[in-house]
Amino acid sequence: MQAVATVMIVTAYVAVLTFVALKARAARSFTDFSLAGRSLPLALVFGSLAATYVGPAFSIGFVGKGYASGFVFLIIGLAYSLQNIFVGFLVAPRLRALHTCHTLGDVMGQKYNRTCQILAGLISVGLCAGLAAVMIKAGGSIVTEIFDLPLWSAVIIVGGITTLYTTFGGLRASVVTDAFQFTAFSILLPAIFFWIIFTRVDGGFSSFVQQATEITTTGWASVSALEVLGLVTAFLLGETLIPPICNRALASQSTRVSRNGFLLAGSFSAIWFVVMLGLGILALLQPNVASAIDGIGAAGDRENAVLLTLARYSLPVECYALIVVVLISIIMSSLDSLLNAGAVAL
């Protein structure tokens with residue numbers, strides 16, 4: 001019964017997503033395809049930015065980190081939030097003011113020379129291709145678990161659907177579907193977080209705070225200051241102006257929209273990290289969930305399984321299916337941004 005409900009809900013979601021993508025206006029020029037005519041309003045810039053960076057690492061990964069070490073990774077995640085805010089204040093408006101640039105490579109070419117433009121384009125293509133492969137593999141793994149398909153066919157489905165609507169509508173289709181998917185996961189996962197606290201956890205919020213304090217204290221004891229410094233530095237600088245993020249700044253309606261989109265996305269990410277880490281802590285508060293997770297082999301596999309295991313044991317069948325939908329939407333929203341940015345990089 002659970003499998004049938006999950007398949008039906010996921011199929012319906014993909015059908016709705018395809019409809020939304022097809023309703024987006026087809027790209028008729030390179031500017032349309034690469035930058036949506038430089039006409040993206042604040043809501044789409046914000047939603048698309050948030051949907052782009054909330055990939056498997058910032059969802060499945062952070063839930064696993066919450067289970068393993070409480071809120072230790074919050075300070076590391078906040079470094080990423082701060083990065084987006086800095087970019088909003090200092091970089092994004094300046095990028096939008098470059099009216100003749102369509103890509104990060106164009107920016108390098110205008111500011112430096114042709115060699116820098118080509119080098120930036122090649123690096124962008126390689127980066128987007130590598131990250132897209134990771135996203136497709138992650139999406140294929142989830143589809144394989146749901147539909148019991150061979151991994152190769154699941155990978156083709158995830159990559160094929162995303163490539164289809166990205167090719168048809170360019171950045172506009174990518175951004176519109178990103179905003180749709182952002183709405184889905186930004187509502188559903190926080191709602192599930194509070195639902196589990198108040199319906200499945202004995203003691204409710206006070207038990208959550210106590211468990212969070214204990215596991216976070218233990219987590220801090222298990223990491224060194226050097227590790228934390230390295231991770232904070234990586235999150236603060238690691239994804240600054242990767243091609244999909246740069247394209248959102250260039251495609252905004254105005255410098256003001258570009259700045260505010262990054263500021264809102266950075267602020268949202270701080271809330272998102274709290275919720276994701278909190279879901280991992282909630283898994284510790286339910287003995288049957290914790291027992292199932294601890295029975296998984298390697299530590300990395302356990303962390304990656306926390307979110308789905310929590311959903312499977314804590315939620316009704318329909319809600320578990322929604323979690324699957326959320327995970328697929330998170331992966332596809334990152335994937336379409338990478339495909340579009342990689343396609344126009346050169």
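See the structure above.
Throughout, a residue's number is its position along its own chain's written sequence, starting from 1. This being a predicted model, a pLDDT of at least 70 is required before a residue's local features are given, and a value of 80 or more before pairs of side-chain atoms are given or counted; all residues contribute to the totals for chains, interfaces and linings. As a rule here, side-chain values come from all non-hydrogen atoms in the structure, and water together with hydrogens is ignored.

Engineer: Whenever I open this one, the overall build of the protein confuses me. Can you help?
Structural biologist: Helical segments are the DSSP runs of H or I of at least four residues, strand segments are the runs of E of at least two, and each set is numbered from the N terminus. Looking only at helices and strands, one finds 16 helices and 0 strands in the protein. The C-alpha atoms of the protein give a radius of gyration of 20 Å, which matches the 20 Å a tight globule of 346 residues would have. Each principal axis of the C-alpha distribution contributes one length, and for the protein these read about 60 × 45 × 30 Å. Relative to its full complement of 346 residues, the protein shows a buried share of 53%. For the protein, the share of sequence-separated contacts (at least 6 apart) that also reach a separation of at least 24 residues comes to 84%. Accessibility throughout is a Shrake-Rupley quantity obtained with a 1.4 Å probe, and a residue counts as covered only by protein chains that appear here. Carbon together with sulfur atoms contributes 70% to the accessible area of the protein, which is approximately 14600 Å² in total. Considering the protein, the positive charge centre built from 17 side chains and the negative charge centre built from 14 side chains are found 18 Å apart. As a reference, a globule follows 2.2 Å times the number of residues to the power 0.38, and the radius of gyration itself is taken over C-alpha atoms. Each residue is assigned to one of three classes by its accessible area relative to the maximum for its type, calculated with a 1.4 Å probe on protein chains only: buried under 20%, partly exposed between the two thresholds, exposed over 50%. Note on contacts: a residue pair is in contact if any heavy atoms of the two residues lie within 4.5 Å. Charge assignment: positive for Lys and Arg, negative for Asp and Glu; neither His nor the chain ends contribute. Charged groups are reduced to one reference atom each: NZ for lysine, CZ for arginine, CG for aspartic acid, CD for glutamic acid.

Engineer: What is the right way to look at helix H7 (residues 104-111) in this model?
Structural biologist: Helical geometry: 3.6 residues make up each α-helical turn, so side chains three or four residues apart lie on a common side. Taken together, the buried positions of H7 are Leu104, Gly105, Asp106, Val107 and Gly109. In this structure, the buried side of H7 is in contact with helix H6 (92-96), helix H8 (114-147) and helix H12 (243-251).

Engineer: Would you explain the nonpolar core in this entry?
Structural biologist: The nonpolar side chains of a soluble globular protein tend to be buried with one another. Buried Ala, Val, Leu, Ile, Met, Phe, Trp, Tyr and Cys residues that are joined via side-chain atoms within 4.5 Å together make up what is termed a nonpolar core. The biggest cluster of nonpolar side chains holds 95 residues, and the ones touching the most others in it are Trp272 and Leu279. The contacts of leucine 279, once residues within four sequence positions are left out, are Val63, Leu189, Phe193, Leu307 and Leu310.

Engineer: Looking at this structure, how should I read the packing of H12 against helix H16 (residues 317-344)?
Structural biologist: At a minimum axis distance of 8 Å, the contact between H12 and H16 shows a crossing angle of 80°. Here H12 is positioned roughly perpendicular relative to H16, judged by the angle of their axes. In contact with Pro243, Pro244, Asn247 and Arg248 of H12, H16 contributes Ser337, Leu338, Asn340, Ala341 and Val344. For the contact of H12 with H16, the per-class residue count stands at 5 nonpolar, 3 polar and 1 charged. Whenever a helix is involved, its axis is fitted only over the stretch in contact; in every case the axis is a line through C-alpha atoms, and angles between N-to-C directions fall within 0 to 180 degrees. We call two directions roughly parallel when the angle between them is under 35 degrees, roughly antiparallel when it is over 145, roughly perpendicular when it lies between 65 and 115, and oblique otherwise. Under the scheme applied, nonpolar residues are Ala, Val, Leu, Ile, Met, Phe, Trp, Tyr, Cys and Pro; charged residues are Asp, Glu, Lys and Arg; polar residues are all the others, including Gly.

Engineer: Explanation requested: the environment of phenylalanine 198 in the structure shown.
Structural biologist: Within the secondary structure, phenylalanine 198 sits in helix H9 (residues 151-199). Expressed as a C-alpha distance, the spacing of phenylalanine 198 and isoleucine 215, which sit 17 residues apart in the sequence, is 20 Å.

Engineer: Which parts of the structure should I look at to understand H12?
Structural biologist: Buried residues dominate H12, accounting for 9 of its 9 residues. Looking at H12, one finds that the buried residues are Pro243, Pro244, Ile245, Cys246, Asn247, Arg248, Ala249, Leu250 and Ala251.

Engineer: Hey, could you run me through the pattern of salt bridges in this one?
Structural biologist: Opposite charge on two side chains allows them to pair when their charged atoms are near. By salt bridge we mean one thing: a side-chain nitrogen of Lys or Arg within 4 Å of a carboxyl oxygen of Asp or Glu. In total, this model carries 2 salt bridges according to the counting rule given. With a closest N to O distance of 3.4 Å, lysine 65 and glutamate 303 form a salt bridge. Residue lysine 65 is located in helix H4 (residues 57-69), and its partner glutamate 303 is located in helix H15 (residues 299-314); the two are separated by 238 residues in the primary sequence. One salt bridge in this structure joins arginine 248 and aspartate 178, with 3.1 Å as the shortest N-O distance. On the criterion of sequence distance, the pair formed by arginine 248 in helix H12 and aspartate 178 in helix H9 is long-range, its members being 70 residues apart. Owing to a relative accessible area of 0%, aspartate 178 belongs among the buried residues under this scheme.

Engineer: Looking at this structure, I do not really get the packing of aromatic side chains. What am I missing?
Structural biologist: The geometry of two aromatic rings is summed up by the distance between their centres and the angle between their planes. Aromatic rings from Phe, Tyr and Trp, taking only the six-membered ring of Trp, are treated as a pair when their centres fall within 6.5 Å; an angle between ring planes under 30 degrees marks them as stacked, one over 60 as edge-to-face, and anything in between as tilted. Inspection of every chain in the model, using the stated rule, returns 19 aromatic pairs. Between phenylalanine 71 and phenylalanine 208 the ring centres are 6.4 Å apart and the planes differ by 85°, which places this aromatic pair in the edge-to-face class. Here phenylalanine 71, found in the loop between H4 and helix H5 (72-90), pairs with phenylalanine 208, found in helix H10 (residues 204-221); they are 137 residues apart in sequence, far enough to count as distant. Taking 5.3 Å as the distance between ring centres and 65° as the angle between the ring planes, the aromatic pair formed by phenylalanine 185 and tryptophan 272 counts as edge-to-face. In this pair, phenylalanine 185 sits in helix H9 while tryptophan 272 sits in helix H13 (residues 255-284), placing the two residues 87 residues apart along the sequence. Take phenylalanine 185 and tryptophan 272: they sit in the same class, and that class is buried.

Engineer: So what exactly am I meant to see when it comes to the state of the cysteines here?
Structural biologist: Covalent bonding between the sulfur atoms of two cysteines defines a disulfide. Disulfide assignment relies on a single distance test, namely cysteine sulfur atoms paired within 2.5 Å. Using the criterion set out here, one finds 0 disulfides in the structure. Left without a disulfide partner, cysteine 101 is nearest to the cysteine sulfur of cysteine 246, which lies 8.6 Å away.

Engineer: What exactly am I supposed to notice about unusual backbone geometry here?
Structural biologist: Phi is mostly negative for residues that are not glycine, and the peptide bonds are mostly trans. Look at arginine 38: it is not a glycine, yet its phi comes out positive at around 55°. Summarising the element assignment, arginine 38 is placed in the loop between helix H2 (30-35) and helix H3 (42-53). What makes arginine 38 buried here is its relative accessible area of 13%.

Engineer: What's the story with the packing of H7 against H8 in this structure? I'm lost.
Structural biologist: Pairs of packed helices are described in terms of their axes, by the angle between the two and the distance that separates them. It is at 7 Å that the axes of H7 and H8 come closest, and there the two elements cross at 160°. Put simply, H7 runs roughly antiparallel to H8. Where H7 crosses over H8, the two elements pack in a sense that is right-handed. Here H7 contributes Leu104, Gly105, Asp106, Met108 and Gly109 to the contact with H8, which in turn contributes Cys116, Gln117, Ala120 and Ser124. With the far helix as reference, a near helix turned anticlockwise by less than a right angle produces a left-handed crossing, and one turned clockwise produces a right-handed crossing.

Engineer: Even after reading the chapter, I still don't get a nonpolar patch on the surface, so can you show me in this structure?
Structural biologist: Here the term patch refers to residues with relative accessible area over 30% and no salt bridge, with like charges joined within 9 Å and nonpolar side chains (Val, Leu, Ile, Met, Phe, Trp, Tyr) within 5 Å. Together, Leu82, Phe86, Phe89 and Leu90 give the surface a local cluster of nonpolar side chains, amounting to about 400 Å² of exposed area. Inspection of the secondary structure assignment puts phenylalanine 86 in helix H5.

Engineer: I keep staring at the environment of isoleucine 328 and nothing clicks. Help me out?
Structural biologist: Within the element layout of this structure, isoleucine 328 appears in helix H16. Owing to a relative accessible area of 7%, isoleucine 328 belongs among the buried residues under this scheme. Spatially, the C-alpha atom of isoleucine 328 lies 9.0 Å from that of alanine 138, the residues being 190 residues apart in sequence. Ignoring sequence-local partners within four residues, the contact set of isoleucine 328 consists of Val10, Ile142, Val143 and Ile146.

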